[in-house]
Amino acid sequence: MSSQRLWAILLLLGVSLGVAKGWMDKDTEKKPGQTSGRFQNEQGERPDVTTGKDDYEQDGLHGPCERKYCGRGRQCIVHEETGKAECSCMDKCRPSFVPVCGSDGRFYDNHCELHRASCLQKKEIYIVHSKDCFFKGDTCTMAEYNRLKNMLLDLQAKHSNQQEVVQGNRMSHRRHVVEKMFKYLDLNADGCVGSEELAQISVRDHLEDDLLECTLQDLLRYDDYNNDGHLTLQEFYTSFQVVQLSLPEEQNTSISTVTVGLSTVLSCAIQGTLRPPIIWMRNGIVLNFLDLEDINDFGDDGSLYITKVTTIHMGNYTCHAYGYEDLYQTHVLQVNVPPVIIVYPETQAQEPGVSASLKCHADGIPDPKITWLKNGMDIMQKMSKQLLMIANGSELHIGSVRYEDTGAYTCIAKNEAGVDEDISSLFVEDSARKTLANVLWREEGLSVGNMFYVFSDDGITILQPNECEIQRHIKPTERIIASYEEMCPKGDGEAIQHCVWASAVNVREKYIYATQPVQNRVLIVDTQAQKVVQVVETDPMPVKLHYDKSHDQVWVLSWGDIHRTRPTLQVIPQASGGEEHRTTATPFERVENFFIPPTNLIITHVRFGFIFLKSEPAVHKIDLETISRIKTISLKNYSCVPVSMAYTHLGGYYFIHCEGRNSTSPQPQLLIDSVTDSIVGYNQDITGTPYVSPDGRYVVTADEHNGKIRVQTLSFQGRLQSILDLQTSLSISDVAFQPSFTEANQYCIYAASRSQTDMLFVELSTGRLDVLKNLKDPISSDDWPWSRYNRVVKDSGLFGQHLVTPSEDSLFVLNGKQNRLHCEVSDIKRGNTVVWVGEV
């Protein structure tokens, strides 16, 4: 410490309180937050007070300034023209070094300089007897501050009369000690403790050396809640946690239900006459200090306001008073969602004597109840062997249709939040009659919809799974309509012309976008014409596509080369439009992978996505509309390098599959709360790749290293719970969800192996499992460098009953309803890029 700084401190704490006492007596400092009469009237006349300086006229009589009081930092001058006395800021002060600290945090050589600065800046600056402005940058941490307060309590206990007996509990004793300490610090007994009193106590009791990093002045900095420059007894109560709070036992947990889209208020039931501010938490994250778009007003009563509630807000919220974490109330928030339904088919024509099924899928919270009307009349009373309701009403099955079964069948879904309905029409007609409905259903529906598009070495195979019938085969030599070049041109030195594909996506059942990484381009297939219609040039080696339905754009990840040395991320806007398509560059570099949550019947718009950078322990949140980075969520403290992600809108959880930076052992998944964009912690000890069911209710994690499959559910209160833990000998490559054919809102999964011929089937609601054997060897990992999914399994949507999975030289079609092999389609080599196209 320099001698000048040491001298300054001594002067501050010694001279200014001792030697300079005469000055202080004459020029008494006011308390922070108080304004003396002098200061308020410093420009007014004070006939009963004289300044320290007499101004005389030339005739020797007293001049106009003789009775003019101007206040500290000001001086009286006589106006040259009017001859009247006026006050102005002092031009300069007498040179002297009696250092003082100002309330503005600045260091002044003497009192005069401080008051002159106050005059010039036209703001109140008072003297603070503290070391703060002498030691700029020194900090008093919360841990050190707590040590200070504990030390003060101990000192006060020693000062107290040992014979005193305080009746009551520990809190009563603490209250007594704090009251005694406050009385000890309140030197002038005016009911408040100010900076000067704290400074005097500090010097008198020689506390500077004992307090280390903190000083008594930090009591003002931390616990002067109303910032008035002094501490009251109530503020001492709060600072030293002597407030007695209460929470009725029956209100420990409060359950609230709100409909999506509305607003809600959660009120904290903790009571107390001196209750500190209420702190709200969600998943262990404090909400009060976050700038959240939908949680932005806590109100004077400590209530939590959530505007435009969505399903991500469901879950547990806790409230407690500041400093009283042990006493808290839990609010369980359930978000109800009105039903949203879709029927299949919208129209069908059948001949007499055949069976017909009308299906209705409904999503909502709670689970909707489904009923059917025929031509506006309830059909529940007509249930028979001929007319059956299956899967809680999700399917209406007619065993042998008759002409009188023709009609409009209305599916109605209803729950506590609302109702929705849609119509599925059935026409029963003789095969000789060709009505409009017959033509539409038979000639268009079966010709272009409900097909698997399989991209293999030998081009594109369009497969109708019901009859295992190849509807069309687009060969590598077929010409592209727009450019008239071959779909898969032969490379230099290649003896056989074949195609190389990596990824493909369905764009609103209208187009299929498929990458050709070797050709550095994306091909667009028209599903109506069943032809390749356009080429979109991309950065070198495009390997992954994702269709963002919310913004009608296709995201393209390119590696640059096989070693991923120059990865880029591009976007194809207006992907479903009929105009010529082009890529647009994004500002993101070194992108290892990206994730965009899928949509469903309830969640129809997705606003944000995430990108991972190579070898970086972080995920970067991006705005899908502006294609810009919003924030970075660091995973460094968890040593997690993200590999993949999954998302459920129930509670708004992101599941992150991690790889360790410096360890070969599997890393547990991390959970991120999408409400706060904060890491909740580990997802238990679960490791592997997460998959989420289309409705967000099931989370299935497949660990390809140890063969474990873990199943978790999300409740309608956003609670995550484990229900199944399966150990298999399979190294899982991919997982597909199949809607249950016997229970509404339930799912089965099919899990394909990376190296074996078997496929695993699991019924999630019961845990029943089965193995489909002898599906031939999958494509080797060496022959599929584009992803770790060297054997995909692809479902056929909400209403389809078939799934497909490739082997090295063929394609297997599975019957999900009967849980068996349906057929094998031969001569399809490396058909590991598959897209389902539903009804148009």
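Above this text is the structure in question.
Note that this is a predicted model, so its numbers are computed, not measured.

Asker: Could you clarify how one ought to interpret the nonpolar core in this entry?
Answerer: Taken as a class, soluble globular proteins show a tendency for nonpolar side chains to be buried jointly. By size, the foremost hydrophobic cluster in this structure holds 76 residues, and its most contacted members are Leu-219, Phe-236, Trp-280, Leu-304, Val-619 and Ile-656. Core analysis: the second largest hydrophobic core is formed by 20 residues, Tyr-453, Cys-488, Ile-512 and Val-535 among them.

Asker: Which parts of the structure should I look at to understand the environment of Ile-474?
Answerer: Relative to the elements of secondary structure, Ile-474 occurs in strand β24 (residues 469-474). You can call Ile-474 buried: its relative accessible area is 0%. Residues Ile-474 and Thr-461 lie 13 residues apart in sequence; the distance between their C-alpha atoms is 6.4 Å. Not counting residues up to four positions away in its chain, the partners in contact with Ile-474 are Asp-458, Gly-459, Ile-460, Ile-462, Met-487, Gln-530 and Lys-531.

Asker: Can you walk me through the pairing of strand β46 (residues 747-753) in this structure?
Answerer: Burial within β46 is extensive, with seven of its seven residues counted as buried. Burial of the side chains of β46 extends over both faces: Tyr-747, Ile-749, Ala-751 and Ser-753 are buried on one face and Cys-748, Tyr-750 and Ala-752 on the other. Direction of pairing for β46 relative to strand β47 (residues 759-763): antiparallel, over a ladder of five bridges. Its bridge partner being in β47, Ile-749 is matched across the sheet by Val-762.

Asker: What's the story with empty space enclosed by the protein in this structure? I'm lost.
Answerer: Unoccupied space between atoms shows up once a probe the size of one water molecule is rolled over them. Considering all chains together, one arrives at two cavities of 30 Å³ or more under this definition. In this structure, the largest cavity encloses a volume near 280 Å³. Taken together, 19 residues make up the lining of the largest cavity; nearest its centre are His-361, Ser-394, Pro-739, Ser-740 and Leu-798. Among the elements that take part in the lining of the largest cavity, strand β15 (residues 356-365) stands out by supplying four residues, more than any other. Residues belonging to the lining of the largest cavity are distributed by class as follows: eleven nonpolar, five polar and three charged. In this structure, the second largest cavity occupies an estimated 40 Å³ of space. In this structure, the second largest cavity is lined by Asp-363, Gly-364, Ile-365, Ile-602, His-649, Leu-650, Asp-695 and Arg-697. Looking at the lining of the second largest cavity, its residues break down into three nonpolar, two polar and three charged.

Asker: I would appreciate a short explanation of the state of the cysteines in the present structure.
Answerer: By definition, a disulfide links the sulfur atoms of two cysteines through a covalent bond. Under the defined criterion, the tally for this structure stands at nine disulfides. Here Cys-65 is linked by a disulfide to Cys-76, with a sulfur-sulfur distance of 2.1 Å. Disulfide Cys-65-Cys-76: the torsion about the S-S bond is -80 degrees, which places it as left-handed. In this pair, Cys-65 sits in the loop between α3 (37-40) and β1 (74-78) while Cys-76 sits in strand β1, placing the two residues eleven residues apart along the sequence. Each member of the pair, Cys-65 as well as Cys-76, is classed as buried. Paired by a disulfide, Cys-268 and Cys-319 hold their sulfur atoms 2.1 Å apart. With the S-S dihedral at roughly 85 degrees, the linkage between Cys-268 and Cys-319 falls on the right-handed side. Pair noted here: Cys-268 is in the loop between β8 (264-266) and β9 (278-282) and Cys-319 is in strand β12 (residues 315-321), with a separation of 51 residues, a long-range link. Classification of Cys-268 as buried rests on a relative accessible area of 7%. Given a relative accessible area of 0%, Cys-319 falls into the buried group.

Asker: I tried to follow the sheet that holds strand β23 (residues 459-464) on my own but got confused; where do I start?
Answerer: Within a sheet, neighbouring strands are paired by backbone hydrogen bonds and run either parallel or antiparallel to one another. Strands sit in the order β24-β23-β22-β53 across an open sheet of four strands; the sheet is antiparallel. The open sheet terminates on both sides in strands that have one partner only, identified here as β24 and β53 (833-837). Sheet twist, expressed as the mean angle between neighbouring strand axes with direction ignored, is 20 degrees. By the bridge criterion, five bridges tie β23 to β24 in an arrangement that is antiparallel. Across the sheet, residue Leu-463 finds its bridge partner in β24, namely Ile-470.

Cut-offs and rules
- Residues numbered from 1 in each chain as written.
- Predicted model: local features only at pLDDT ≥ 70, side-chain atom pairs only at ≥ 80, totals over all residues.
- Heavy atoms only, no water.
- Core = buried A, V, L, I, M, F, W, Y, C linked by side-chain atoms within 4.5 Å.
- Buried < 20%, exposed > 50% of the residue type's maximum accessible area, 1.4 Å probe, protein only.
- Helix = DSSP H or I, 4+ residues; strand = E, 2+ residues; numbered from the N terminus.
- Contact = heavy atoms within 4.5 Å.
- Pairing = 2+ DSSP bridges.
- 1 Å grid on protein atoms, 1.4 Å probe; cavity = no way out; pocket = protein on both sides within 12 Å on 5 of 7 lines; lining within 4 Å.
- Points joined across faces, edges and corners; volume = space filled by probe spheres on them.
- Nonpolar A, V, L, I, M, F, W, Y, C, P; charged D, E, K, R; others polar.
- Disulfide = S-S within 2.5 Å.
- Axes fitted to C-alpha atoms, helices over the stretch in contact; angles between N-to-C directions.

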